[in-house]
Amino acid sequence: RSQAEAVAAGRDEYSYTLIRSDLEEDRWGHELPEMPRHDLGMRQRTRQFYGTWIHPQQDDASSSGLAWVDSGIFQGISGIVICSNAILIGLETDLDSALWFYVDQLLLCFFAFELLVRLLRHGMQFFQNEEDGMWNFFDFAIVCSGVFDQW
C-alpha cells in the first residue's frame, strides 16, 4: 500500500506526506489525520529528548527569593520606567537643565538593578529563552553600554 492510503486508513498516524496548512483533505479527497499538538517547541523537545534542557526556574534559595522579578507588578513598573525614559529623552533635547544628569543616573541605576535581578533569577537561561532571548541580549547590551559610558 502507498503511504497516503495508510494515512487515510489511520494506520500510520504520524507519517505525513503533505505539509498541512489550511487543507482539510488530501489531494485524493481523504480527510487528513489530526496533527499532533505539543506545548513545547521543536528545539525545546529536542533538548529535553537529549537531556540537556536547563529549566529556567530552579528551586534553590537564590532564585526562590527573587520570584517577584517575574510578577506583573515588577513588569508593569519596568514598562512605566521605560516609557518615562523615552519621554524624558525627548524632553532632554528641548530643555536645558543640570537635573538631566541626575535623572539619567537614576534611570541607569534602575535599569542596571532590573538587569541584575533578572540575571540572578534566571541565570544563563535569561539569554537562552526561545521567545525573549534576543531581546534580553539587546537589553543587556544597551544597559552595559550605558554603564560603560556613564560610570
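This text goes with the structure placed above it.
Treat the numbers as computed from the prediction; the structure is a model and nothing was measured.

Each value, and the rule that gives it
- Residues numbered from 1 in each chain as written.
- Predicted model: local features only at pLDDT ≥ 70, side-chain atom pairs only at ≥ 80, totals over all residues.
- Heavy atoms only, no water.
- Phe/Tyr/Trp six-rings, centres within 6.5 Å; stacked < 30°, edge-to-face > 60°.
- Helix = DSSP H or I, 4+ residues; strand = E, 2+ residues; numbered from the N terminus.
- Buried < 20%, exposed > 50% of the residue type's maximum accessible area, 1.4 Å probe, protein only.

### Digging into the packing of aromatic side chains
- Per the stated rule, a full pass over the model turns up eight aromatic pairs.
- Ring centres of Phe127 and Phe140 lie 5.4 Å apart, and the angle between their planes is 85°; on these two criteria the pair is classed as edge-to-face. With Phe127 in helix α6 (residues 125–128) and Phe140 in helix α7 (residues 133–150), the pair connects residues that are 13 residues apart, well separated along the chain.
- Its relative accessible area of 23% is what places Phe127 among the partly exposed residues.
- Accessibility expressed as a relative area gives 28% for Phe140, which makes it partly exposed.
- Ring plane angle 80° and centroid distance 6.1 Å describe the contact between Trp135 and Phe138, whose orientation is recorded as edge-to-face. Within this pair, Trp135 and its partner Phe138 are both found in helix α7, separated by three residues, close to a single helical turn.
- For Trp135, a relative accessible area of 60% gives the class exposed.
- Site record: aromatic cluster; members linked through ring pairs are Phe126, Phe127, Phe137 and Phe140.

Taken by themselves, the reported measurements are silent on function.
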